[in-house]
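Topology and contacts: notes
Single-letter residue listing:
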Amino acid sequence: MKVLKFGGTSVGSAENINKVITILDQQSKNTNIAVVVSAVGGITDKLLEAANLACNKNEAYKQKYDVIWSIHNKVIEGLFENSANDNEIKKQRDSLSDIISEKLNDLKSLLNGIYLINELSPKTKDKLLSFGEALSSTIIYHTLKSRSLDAALKNSQEVIVTDSNFNNAIVNFEVTNSNIQNFFSTNSNSIVLFPGFVSKSTHGEITTLGRGGSDYTAAIIAAAMDANELQIWTDVSGMYTTNPKLVKQASPIIELSYQEAVELSHFGAKVLYPPTVMPVLKKQIPIVIKNTMEPEAIGTTITKNTVNTDNSPVKGISNIENIALLTLQGNGMVGVPGFSKRLFETLAQEKINIILITQSSSEHSICFGISANDAQRAKEVIDTVFEYEIALQKIDPIVVETDLSIIAVIGDKMKSHQGISGKMFSTLGKNNVNIRAIAQGASERNISAIIHKNDVKKALNSLHEQFFEIKTKQINLFITGVGNVGERLIEQIKQQKAYVKENFKINLRITGLSNSRKMVVNDEGIDLKNWKEQLEAGETASLEGFFQHAKSLNLRNSVFVDITANEAVSKIYGEYLKQSISVVACNKIACSGNIEYYNELKTLSRKYNASFLFETNVGAGLPVIDTLSHLITSGDKINTIQAVLSGSLNFIFNNFNAETTFYDVVKQAQEEGYTEPDPRIDLSGIDVARKVLILARESGHAIELADLESDNFLTDAAMNASSVDDFFETLKTDEAYYQGLFKSAEDKNCQLKFVAEFNDGKAKVGLKEIPEGHPFFNLKGKDNIVMFYTQRYPEQPMIIKGAGAGADVTASGLFADIIRIANN
Ligand code: ADP
Ligand code: ASP
Ligand code: MG
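A brief look at the structure comes next. Treat the numbers as computed from the prediction; the structure is a model and nothing was measured.

Section: the overall build of the protein chain
Counting secondary structure elements, the protein chain contains 30 helices and 30 strands. Its C-alpha atoms give the protein chain a radius of gyration of 36 Å, clearly above 28 Å, the size a compact globule of 824 residues would have. Over its C-alpha atoms, taken along the principal directions, the protein chain stretches across nearly 120 × 80 × 55 Å. Looking at the protein chain as a whole, 53% of its 824 residues are labelled buried. Counting only carbon and sulfur atoms, one obtains 48% of the accessible surface of the protein chain, whose full area is about 36000 Å².

Printed below as a string of structure tokens:
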């Protein structure tokens, strides 16, 4: 014999019931089958909602009832849609409708009764809940008959006997087993249908086996009959590595041991009601979890010893929502026996289930996790029991924390693998998931942690990535500033995405995009094919709004990328870092502004385990800062840095000579985009000063922009010009002066270069005459060059040279920073 159980979704519509019937038809050809069915999907919840409304004197319960009525009638209609032409079938359908109407009328009377007496006792609740399974099993039974299958319907209440613990009754196995065996000894139908979940107490009252209990009904029947197999048919293709509704990448686990299944289900894998395993485990009956909607999928097989096709010590990760953490603490507990006994006895008397316990070895406190629904009751009874000790201040009143969840990592083989908990907690830590309590059983089959409910999705996804997808790491980018450089970065990501995933196991996603007007956020990742249209259609941009999106999405490995030159944007980095969101900036303001802010960002980066990278601040895509940081980390000391760091000034001095005018060259540089729209920003040397300041700070020197010596080569008139146009006018007027600069250099066979220097803790910038033979002499176009003289490179400097400006190279510098973070 085999026992098959079909859950709420499987019997949730005529279409799905037809799939169930196909499965039953096939399987009953080979062996007799017992079939357990749940209520039609969602009905148990609706019954409860209607009863609660009625009990609260709210007439809306009638509408709930109407919904329940119409759901069942729709199912019948769908199952008998072809009955019009067949009189016999039509008769069967009418008789089924009559039976169901009668049951629904009984339900209505019961709800009216609850409304009138204004009360819903646990006993009445069970009576009410039993309607769900009674209705579904009756509908399916009559449908099977109408399709000429050899079926019988047996009310589980006549065989499953329990105590009177309503809503969660305890089964009397002795009586139940013999009832089931007696029933089958005289039954010869190839299909026997049972309503799940319902039972009867020894006093004849209706009881239920706990929410989700139809799985248990099936297991009880399977164990009593020593069945060959227990099949749980549901709406997913097996027990998954984690809840597939929360983690897209979750996949079905092919094999599990009974113990692993118990742990996973106890810790929230709802697909299997936890008590289900015990009866079949004793008889070693395999459990197979299958998907009614996809019967060909292999599903999950649960047995005593798994063959273990995969070597992963972690089999699954699960979570329980709606948890409260209670802490009993006080010096009076240390070394005094009996506290825990009294505590846990009190909870047991109140029938409060404890999900997790931890006690520190100092015995100063005991923490335990329970359902948040029980928290207030638990606090009251415990504070009462320990009233005397609380009054004497030996212990504190119990502390209750809510809005929590438990997450658990589970696997039989975890005990023979070191470092699982290390990996678990470092993954959570890296993602800024605060852990409130930890428990690990001596079996080492389960490590659990209590965390805030808002962190559950992130925690499950990061742990899943860590233990099951080690191969790929998802990076979520929030990009602000989509001008020239931003566009190039998005293009590069689009182009390289597949390559990076394949070769570096990094899954780059742009989750948020913003410019100064609009922003768009999508936690599934923005489709890069039409990002511009999506951005245009997005909501009004705001720095704070964008940050709030990134914060509330709470995605793992998030990175904020600033591709603006905006001071306000640079002010918000700290907020991102505090959420453990890394920051990549092309914007120089944060690193070259006030040193306190720069230091604060560095500290936050360390404290919250989030990177703060700004390679493109100096030399665009050239690896200047990264190289400097490697030199310093490896113990080298920087003696001198000499550099040419301005593409705009290079362009100008490479083109300026006796045949041109300074005015024409600067104008050309402006028109061709080599300078800022206001060329004074480049020509005054402020941009170069900021860059060398950043290099000095990165070499460990706490200096401010004001400490920098700036040897300005512009005339006073140019410096004091009131507008860009005025500034250009001064260039014309002062042409002779600029020609003089050129002539002086030419006479010495030198080239003019705007040079940044850092030496002996001092930084300066200025125009210099560079003699032939010097590495700066032949610098072309917009190239930058940086020379590091260090303890290890004392005479021959380490030189980095190449294009130091341009959208493409800057974007690739940003790209490199993002990859550095991903590899971290
Ligand atoms: P049924 O009505 O068939 O008994 P349930 O709703 O009780 O179905 O259980 C199936 C659901 O369990 C799935 O739809 C899924 O959302 C949830 N679930 C939670 N954790 C897991 C897991 N680890 N594997 C599979 N399903 C899970
Ligand atoms: N119908 C019951 C419930 O929803 C039992 C079950 O479906 O397993 O809890
Ligand atoms: Mg279920």
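Digging into the pattern of salt bridges
Under the criterion given, the structure shown has 40 salt bridges. Of the charged contacts, one joins E401 and R436 as a salt bridge, the two residues approaching to 2.7 Å between their closest N and O atoms. Residue E401 is located in strand β15 (residues 399-410), and its partner R436 is located in strand β16 (residues 435-440); the two are separated by 35 residues in the primary sequence. Since its relative accessible area comes to 35%, R436 is described here as partly exposed. Where D817 meets R820, a salt bridge forms, and the shortest distance between an N and an O atom there is 2.5 Å. A residue pair is termed a helical-turn pair when its members lie 3 or 4 positions apart in one helix, as D817 and R820 do in helix α30 (residues 807-823) at three residues. For D817, a relative accessible area of 1% puts it in the buried group. For R820, a relative accessible area of 26% gives the class partly exposed. Each of E615, D626, D817 and R820 takes part in a single network of salt bridges with overlapping partners.

Let's talk about the site of ligand 2
Taken together, S38, A39, T44, E133, F197, R211, G212, G213 and S214 make up the full set of residues adjacent to ligand 2. Between G213 and ligand 2, the recorded distance is 3.4 Å, taken from a backbone N or O atom to an oxygen atom. Calculation on ligand 2 without its partners gives an accessible area of 260 Å², and the protein chains cover 86% of this total. Along the lines of polarity and charge, the residues of the shell around ligand 2 split into two nonpolar, five polar and two charged.

Thoughts on the nonpolar core
Counting 77 residues, the largest nonpolar core has F560, Y573, F662 and F713 as its most contacted members. It is helix α26 (residues 686-698) that provides the largest number of residues to this core, a total of seven residues. The residues that make up this core include at least three from each of domain 3 (473-617) and domain 4 (624-805). Every residue in contact with Y573, bar those within four places of it in the chain, is listed here: F560, D562, V583, A585, N587, A590, Y597, L601 and F612.

A few points about the site of ligand 1
Around ligand 1 there are 16 residues in total, and K5, T234, D235, Y240 and K270 lie nearest to it. Within the contact set of ligand 1, an oxygen atom lies 2.9 Å away from a side-chain nitrogen or oxygen of D235. Contacts to ligand 1 include K245, whose side-chain N or O atom sits 3.0 Å from an oxygen atom. For ligand 1, whose free accessible area comes to 570 Å², the fraction covered by protein is 89%. Residues that form the shell around ligand 1 fall into these classes: six nonpolar, six polar and four charged.

What to know about the pairing of strand β28 (residues 762-771)
Looking along a regular strand, one sees side chains alternate from face to face of the sheet. Inspection of the sheet shows strand β26 (residues 709-711) paired to β28 by three bridges, in the parallel sense. From the neighbouring strand, E709 faces β28, where its bridge partner is K764. Note: strand β27 (residues 750-759) against β28, ten bridges, orientation antiparallel. By the bridge assignment, V755 is partnered in β28 with G766. Following β27, the chain reverses through two residues before pairing antiparallel with β28; D760 in that reversal takes a positive phi of roughly 55°.

Each value, and the rule that gives it
Starting from 1, residues in each chain are numbered consecutively following that chain's sequence as written. For this description, chains carry letters from A and ligands carry numbers from 1, given in the order in which they are written. Reporting of local features is limited, given that this is a predicted model, to residues whose pLDDT is at least 70; pairs of side-chain atoms are given and counted only at 80 or more, and all residues count toward the totals for whole chains, interfaces and linings. Hydrogens and waters are ignored; side-chain quantities use all the structure's heavy atoms. Helix and strand assignments follow DSSP, with helices taken as H or I runs no shorter than four residues and strands as E runs no shorter than two, numbered in order from the N terminus. Here the radius of gyration uses the C-alpha set of atoms, whereas the globule reference equals 2.2 Å times the residue count to the power 0.38. Working definition: with a 1.4 Å probe on protein chains only, accessible area under 20% of the residue-type maximum means buried, over 50% means exposed, and in between means partly exposed. To measure how exposed things are, a 1.4 Å probe is used in the Shrake-Rupley method; for residues, cover is taken only from the protein chains shown. A side-chain nitrogen of Lys or Arg and a carboxyl oxygen of Asp or Glu constitute a salt bridge if their distance falls within 4 Å. It suffices for a single heavy atom of a residue to lie within 4 Å of a molecule or strand for the residue to be listed as near it. Polar contact criterion, stated in full: a pair of N or O atoms within 3.5 Å, where within protein one must be able to donate a hydrogen and the other to accept it, and residues adjacent in sequence count only if both atoms are side-chain atoms. Three classes are used, and their members are as follows: Ala, Val, Leu, Ile, Met, Phe, Trp, Tyr, Cys and Pro are nonpolar, Asp, Glu, Lys and Arg are charged, and the others, Gly among them, are polar. We define a nonpolar core as any set of buried Ala, Val, Leu, Ile, Met, Phe, Trp, Tyr and Cys residues linked to one another through side-chain atoms lying within 4.5 Å. Each domain span listed reflects an automatic or database assignment of domains. Contacts between residues were defined by any pair of non-hydrogen atoms, one from each residue, lying within 4.5 Å. A pair of strands is considered paired only if DSSP assigns at least 2 bridges between the two.

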